[in-house]
Amino acid sequence: MPSASTGASTTVDAATTATAPSAPSAPSSVDSRMAPGGPGYRRMSFALFLAGVATFALLYSTQALLPLVSTDFGVTASEASWTVSAATGALALFVLPMSALSERFGRRTLMTASLTVAVAVGLLVPFAPSIGALVVLRAVQGAALAGLPASATAYLAEEVRPKALITAIGLFVAGNSVGGMSGRVITGWVAQEWGWRVAVGTIGIIAVACAIAFRLLLPAPRHFTAGSLRPRVLARTVRDHLANPLLCRLYAIGALFMMVFGGVYTVIGYRLTDAPFSLPQGVIGSIFLVYLVGTVSASTAGKLVGRLGRRGSLYLAGSTTTAGLLLSLADSLLLVLLGLVLITAGFFAGHAVASSSVSHTAVRGRAQASALYQSAYYVGSSAGSTLGAVAFHASGWAGTVTLGLLAVLGVVTITVFGSHAARAQSRRKPALAH
């Protein structure tokens, strides 16, 4: 597999491998990990797909309903956006501690516990008496969901053969896109008839079904080795990851892509409610069917990397996202929809490539490496939701688009820098050999 996305040379991976402690493994001729077509692979893929559905449906359950939340509680768009930012911010804060628990107690155990708590809180959200109570409940829900993303990618890195890893993670990310889409579409139409409280309650019930099916379907881990909960061990692992320039670039790329996505989808409901569109809530919810494009782009990320390489895939994802942002400035509903399609496709492709590159690059402490990525990713989501709403309040949709364009520029700049760093390192390698 080629070196990861932003231009690391094989020297980096080789050096890291050399310092990593040896772990027992099966003979090279017999790889007992799962692969497409093999035993348990379909069950595992569907189980994690459902976990992705539940995670994104719960995490963003209020996003399409923000205009209704604003009206119900008499608050502004930026104040209502905290019902999204609190959930994603809490997830970003707790994902690293949760990853440490998964190293000790197991990936499947922690994912099950996280989903259980999150769906329980989801059934309480409809009864929030005030905007403050709603924000607190959403923060608790986000903290509970923090046990899922990093544990899922670490589970895949341990249980799936390396050649199938990008595809497997892409399917999990595809589940995220389906959850985000179905949550917004369902809440849009339900809220139009019965209000936002019934809508988020419906999402809670759907998430309960997903959580039960996930636990029944996910195969027991066969390659997990329990780690230590000692703070010094965790701190040393985190420090090593943060000292890896490639991993830091991947974390920044994930955060910037998510800043675009979080800003756009937090504000789009307000834009489509206003003139010249003036769409009803149910129709606005249906706009999120464009998430299906993200399902396709995420699940095919492995093929994209095979053709273009990781850096080429990131350039394509950034270009696609940029084109979508510019198209969305038009006052034509058709062009706005096309813009959302391109933004969604670019985001999910970029996210799938970056997140799988983290799992490929980290040879030890994979849960912590994935947790740091997820933390950066959801910090980007939280910042995008809040800053996107602030920009919209100050300058309208053009302000939100400007924020997104700056974030994409950051992705391209980091990727170019990574390419130069890789070339410089490859030139140093022959010199050191002499």
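Residues numbered from 1 in each chain as written. Predicted model: local features only at pLDDT ≥ 70, side-chain atom pairs only at ≥ 80, totals over all residues. Heavy atoms only, no water.

J.: Describe the overall build of the chain, with residues and values.
T.: The number of helices and strands found in the chain is 18 helices and 0 strands. By principal-axis analysis of the C-alpha atoms, the chain measures approximately 65 × 45 × 40 Å. For the chain, long-range pairs separated by at least 24 residues make up 85% of all intrachain contacts whose partners lie at least 6 apart in sequence. With the model as given, the accessible surface of the chain reaches about 17,000 Å², and the carbon-plus-sulfur share is 68%. Between the averaged position of the 29 positive side-chain charges in the chain and that of its 11 negative side-chain charges there is a distance of 14 Å. (Helix = DSSP H or I, 4+ residues; strand = E, 2+ residues; numbered from the N terminus. Contact = heavy atoms within 4.5 Å. Areas by Shrake-Rupley, 256 points an atom, 1.4 Å probe, with all protein chains shown as cover. Lys, Arg positive; Asp, Glu negative; His and termini not counted. Charge placed at Lys NZ, Arg CZ, Asp CG, Glu CD.)

J.: Report on the side chain of Ser151, specifying residues and quantitative values.
T.: Its place among the elements puts Ser151 in helix 8 (residues 149-159). Those residues within four positions of Ser151 in sequence are excluded, and the remaining contacts are Ser102, Arg107, Leu110 and Met111.

J.: Give a description of the packing of helix 5 (residues 82-105) against helix 7 (residues 131-145) that names residues and reports values.
T.: It is the contact of helix 5 with helix 7, at a shortest axis distance of 7 Å, that shows an interaxial angle of 30°. Classified by the interaxial angle, the pair formed by helix 5 and helix 7 is roughly parallel. Helix-helix and strand crossings are classified by hand; for helix 5 and helix 7 the assignment is right-handed. Contact residues: Trp82, Thr83, Val84, Ala86, Ala87, Ala90, Leu91, Phe94 and Met98 in helix 5; Ile131, Leu134, Val135, Arg138, Ala139, Gly142, Ala143, Ala144 and Leu145 in helix 7. Of the residues in the contact of helix 5 with helix 7, the class split is 15 nonpolar, 2 polar and 1 charged. (Axes fitted to C-alpha atoms, helices over the stretch in contact; angles between N-to-C directions. Parallel < 35°, antiparallel > 145°, perpendicular 65-115°, else oblique. Left-handed = near helix turned anticlockwise from the far one by under 90°. Nonpolar A, V, L, I, M, F, W, Y, C, P; charged D, E, K, R; others polar.)

J.: I'd love a proper account of the pattern of salt bridges, names of residues and values included.
T.: Under the criterion given, the structure shown has 3 salt bridges. Among the ionic pairs, Glu158 bridges to Arg107, the shortest N-O distance being 2.3 Å. Of this pair, Glu158 sits in helix 8 while Arg107 sits in helix 6 (residues 107-122); the two residues are 51 residues apart in sequence, bridging distant segments of the chain. A salt bridge links Asp331 to Arg271, with the nearest nitrogen and oxygen atoms 3.5 Å apart. Note that Asp331 is positioned in the loop between helix 15 (301-327) and helix 16 (333-361) and Arg271 in helix 12 (residues 245-273), a separation of 60 residues in sequence. Overall, Arg271 belongs to the buried group, its relative accessible area being 8%. (Salt bridge = Lys/Arg side-chain N within 4 Å of Asp/Glu carboxyl O. Buried < 20%, exposed > 50% of the residue type's maximum accessible area, 1.4 Å probe, protein only.)

J.: Can you tell me about unusual backbone geometry, naming the residues and giving the values?
T.: Residue Pro276 follows Ala275 across a cis peptide bond; omega there is 10°. Tracing the sequence through the fold places Pro276 in the loop between helix 12 and helix 13 (281-286). With a phi close to 50°, Ser278 is a non-glycine residue in the positive phi region. Taking relative accessible area as the criterion, Ser278 reaches 48% and is therefore assigned partly exposed.

J.: Give a detailed account of helix 10 (residues 196-217), specifying residues and quantitative values.
T.: In this model helix 10 runs 32 Å from its N-terminal to its C-terminal C-alpha over 22 residues, within 8% of the 32 Å that 1.5 Å per residue would give. Those residues of helix 10 that sit buried are Trp196, Ala199, Val200, Gly201, Ile203, Gly204, Ala207, Cys210, Ala211 and Phe214. Structurally, helix 10 contributes buried residues whose contacts are with helix 2 (41-59), helix 3 (66-73), helix 6, helix 7 and helix 9 (165-194). (Expected span 1.5 Å × (residues − 1).)

J.: Can you explain the environment of Ile203? Please cite residues and give values.
T.: Along the chain, Ile203 falls in helix 10. Looking at Ile203, the relative accessible area reads 3%, which means it is buried. With 18 residues separating them along the chain, Ile203 and Val185 place their C-alpha atoms 11 Å apart. Excluding its chain neighbours within four sequence positions, the residues that come into contact with Ile203 are Ala57, Leu58, Ser61, Gly183, Ile186 and Thr187.

J.: Pulling in residues and values, what's your account of the packing of aromatic side chains?
T.: Under the criterion given, the structure shown has 11 aromatic pairs. Plain terms: the ring middles of Phe347 and Phe348 are 4.8 Å apart, the flat faces sit at 70° to each other, and that makes the pair edge-to-face. A relative accessible area of 0% places Phe348 in the buried class. Ring centres 6.0 Å apart and planes at 20° place the aromatic pair Tyr373 and Tyr377 in the stacked group. Placement of the pair is Tyr373 and Tyr377 together in helix 17 (residues 366-395), with a separation of 4 residues, close to one helical turn. Using a relative accessible area of 1% as the deciding quantity, one classes Tyr373 as buried. Three or more aromatic residues link up through ring pairs in this structure, and these residues are Phe261, Tyr265, Phe347, Phe348, Tyr373, Tyr377 and Tyr378. (Phe/Tyr/Trp six-rings, centres within 6.5 Å; stacked < 30°, edge-to-face > 60°.)

J.: Help me get a handle on empty space enclosed by the protein, residues and values and all.
T.: Evaluation of the coordinates by the stated rule reveals 3 cavities of 30 Å³ or more. Volume-wise, the largest cavity comes out at about 70 Å³. The set of elements that each furnish at least two residues to the lining of the largest cavity consists of helix 8, helix 9, helix 16 and helix 17. With 4 residues, the single largest contributor to the lining of the largest cavity is helix 9. Taken together, the residues that form the lining of the largest cavity break down as 5 nonpolar, 5 polar and no charged. Considered as a void within the structure, the second largest cavity measures approximately 40 Å³ in volume. Along the walls of the second largest cavity sit Leu58, Ser61, Gly122, Val125, Arg138, Gln141, Val200, Ile203 and Gly204, which together make up its complete lining. Where the lining of the second largest cavity is concerned, the elements lending two or more residues are helix 7 and helix 10. Of the residues contributing to the lining of the second largest cavity, the split by class is 4 nonpolar, 4 polar and 1 charged. (1 Å grid on protein atoms, 1.4 Å probe; cavity = no way out; pocket = protein on both sides within 12 Å on 5 of 7 lines; lining within 4 Å. Points joined across faces, edges and corners; volume = space filled by probe spheres on them.)

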